[in-house]
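Summary of structural features
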Amino acid sequence: VDPAALARLDARGWVDVATRLVQLELNLYNGNYDTFVTVIASFAIEASGGVWATRSLRPVRLRRSLLLVRGPHFFEPDAGEVLVLLCELGCIAMIVYYSARTLIEVRQEGVLAYFSRAWSIVHVAHSLLFWVMYLVRVAALVALSQIVPIEPEPSRFVGLEAVGALHYAVTYLNALNLVLVYLKLFKYLRLSTRLSLLVMTLERASSDLLTFTLIFVVIVFSFTLAFHATFGATLRAYADVPSTFLTLMNMAFGDFDYEAISEANYVLAPILFLSYMVAMILVLINVFLAIVNESYIAVRAHVAKEDEFILRMRAGLGRRLERVKGTRGYRFVSAKLSAVVGATKVINKQAKITARKCSVASHALASHALRKRTDGSLHADMDGDGEISAAEIDAYFGDAVDAAEADEFVRELDRDGDGKLSETELQHAAGASPTRGAPSEL
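Cut-off values and rules
Residues numbered from 1 in each chain as written. Predicted model: local features only at pLDDT ≥ 70, side-chain atom pairs only at ≥ 80, totals over all residues. Heavy atoms only, no water. Pairing = 2+ DSSP bridges. Helix = DSSP H or I, 4+ residues; strand = E, 2+ residues; numbered from the N terminus. Axes fitted to C-alpha atoms, helices over the stretch in contact; angles between N-to-C directions. Salt bridge = Lys/Arg side-chain N within 4 Å of Asp/Glu carboxyl O. Buried < 20%, exposed > 50% of the residue type's maximum accessible area, 1.4 Å probe, protein only. Contact = heavy atoms within 4.5 Å. Left-handed = near helix turned anticlockwise from the far one by under 90°. Nonpolar A, V, L, I, M, F, W, Y, C, P; charged D, E, K, R; others polar. pLDDT = per-residue confidence, 0-100. Patch = residues over 30% accessible without salt bridge, like charges linked within 9 Å, V, L, I, M, F, W, Y side chains within 5 Å. Areas by Shrake-Rupley, 256 points an atom, 1.4 Å probe, with all protein chains shown as cover. Parallel < 35°, antiparallel > 145°, perpendicular 65-115°, else oblique. Polar contact = N/O pair within 3.5 Å; in protein donor to acceptor, adjacent residues only side chain to side chain. Disulfide = S-S within 2.5 Å.

1. Details of the sheet that holds strand β1 (residues 21–30)
Paired through their backbone hydrogen bonds, the strands of a sheet run either parallel or antiparallel. If you trace the three strands from one edge of the open sheet to the other, you get β1-β2-β3, paired in antiparallel fashion. Edge strands, defined here as strands with exactly one partner in the open sheet, are β1 and β3 (51–60). When the angles between neighbouring strand axes are averaged without regard to direction, this sheet yields 15 degrees. The pairing of β1 with strand β2 (residues 35–45) spans ten bridges and is classified as antiparallel. Across the sheet, the residue bridging to L28 is V37, located in β2.

2. Some points on the pattern of salt bridges
As enumerated under the stated definition, the model contains three salt bridges in all. Note that E88 is salt-bridged to R137, the shortest N-O span being 3.2 Å. You can see E88 sitting in helix α3 (residues 79–109) and its partner R137 sitting in helix α5 (residues 118–145), a full 49 residues away along the chain. Owing to a relative accessible area of 17%, E88 belongs among the buried residues under this scheme. When the shortest N-O distance is used, the salt bridge between E109 and R117 registers 3.1 Å. The class of R117 is partly exposed, set by a relative accessible area of 37%.

3. Here we look at the pairing of β2
Between the end of β1 and the start of β2, which pair antiparallel, lie four residues, with D34 showing a positive phi angle near 55 degrees. In this structure, β2 lies alongside β3, joined through ten bridges in antiparallel fashion. The residue bridging T38 from the neighbouring strand is R58, located in β3.

4. Describing the environment of A279
By the secondary structure assignment, A279 is in helix α12 (residues 268–302). In this structure A279 comes out as buried when scored by relative accessible area, which is 16%. In contact with A279, not counting residues within four places along its chain, are I219, F223 and L284.

5. Description of the packing of helix α10 (residues 241–252) against α12
Where α10 contacts α12, the two axes come as close as 10 Å, and the packing angle between them is 65 degrees. In the crossing of α10 with α12, the sense of the turn from one axis to the other is right-handed. Residues L248, M249, M251 and A252 of α10 lie in contact with α12, whose contacting residues are F273, Y276, M277, M280, I281 and I285. Residue composition of the contact of α10 with α12, grouped by class: ten nonpolar, no polar and no charged.

6. Regarding the confidence of the model for the protein chain
With 81% of its residues at a pLDDT of at least 70, the protein chain reaches an overall mean of 78. Note that pLDDT drops below 50 for residues 432–442; the model gives that stretch 15 contacts with residues more than four away or on any other chain.

7. Some words on a nonpolar patch on the surface
A contiguous nonpolar surface patch, about 390 Å² in accessible area, is contributed by V278, I281, L282, V283 and V287. By the secondary structure assignment, I281 is in helix α12.

8. Some thoughts on the packing of helix α8 (residues 197–204) against α12
Here α8 crosses α12 at 120 degrees, and the two axes come no closer than 8 Å. Regarding the angle of α8 to α12, the classification is oblique. The crossing of α8 and α12 is right-handed. The residues of α12 that touch α8, namely those facing L197, M200, T201 and R204, are V292, S295, Y296, A298, V299 and R300. Each residue belonging to the contact of α8 with α12 can be placed in one class, and the counts come to six nonpolar, two polar and two charged.

9. Some thoughts on the side chain of S99
Residue placement: S99 occurs in helix α3. Given the relative accessible area of 15%, S99 is considered buried. At 2.9 Å, the side chain of S99 forms a polar contact with the side chain of W131. Excluding its chain neighbours within four sequence positions, the residues that come into contact with S99 are S127 and W131.

10. Re the state of the cysteines
Scanning the model with the defined rule gives zero disulfides in all. Between C91, a cysteine without a disulfide, and C87, which holds the nearest cysteine sulfur, the sulfur-to-sulfur distance is 9.4 Å. Judged by its relative accessible area of 25%, C91 falls in the partly exposed class.

Given below as structure tokens:
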């Protein structure tokens, strides 16, 4: 940082002893990915005296947004992004339809009766999040329309942080909505007693869990304030209350840095750490597990061994399968598959018979080739080199074996790959028992 620039800022009163935050903003553009990046470097001066530096890098693609903004475009959107925009418009139409249905149901049942069901609250929250998300999206378009075209003068800074923040807010709202979407699956799992064990367990334990949550919040909040007051001035993880709370949650699940807090305050660190771990792990977590386990055992005892919903599903699938079996298409496909399976069995049977015959023939040839003269040499070894070639096999057996069968016989029994058969290789082939019922002679 240029000291002269800081001196000018100080002279103009931009930075003084009352300053609590210094923030630098700049925009970057990556032409290869057609993406803007908003960069913010912040230097926060805590009341405790510490200075914490943070940075934020947010890539933002504005192409779909520019479809709805008047004025010349900095770049033109492609066909894929137009299709995505059309899908979003279709989603808006669906939200309008289901919101109208919800209003009709509320009017028919009454507000109190409708919201007395937990799943109705989840459904309304899901719809409201959709509406809030699209309102934020409109706000992003309005903010973007004020800076389009993005061709500022050299002396003018065009901030994209607000537009980027709104775009990320849309993403965050969609993330919350995804949780609610899959949470609503449990509503339909209630049709099956086995699949709804989790929901039934939590419903039975809801009153005890509510009391436990109040006690949990009081204990954890007290430790949060204690850790923040003790280590907030020296450790970034405890600089503020939200960060301290998240750090303590991680600590309860085994993710902690004891050396850091011990170096910050070696007197209070072991006291706070041990008391918190005892309260969380040995007391609170075990109480929570005991509540859930007791409720699960009670619910499991009342669940029937045979799930009626699963039985109805199986019966329905069985009836539909019987209907399909009676159709002409099913009979045609079944006949073709049966023909293919039968042909495959025949081919496999013929292959096994052929392999059996080859094994018997090899055993018989090897046994005859091992016949020896009075001097101990093999009859088939006509050149006396101690090994038998395919030509010698062909000459020894004469008309019983042709040249092609002799080559195949040598390739089958040649274990060392030299193209010839030794006495050991012949003994190995002859020693293998032929298939039962096959002749032992050629």
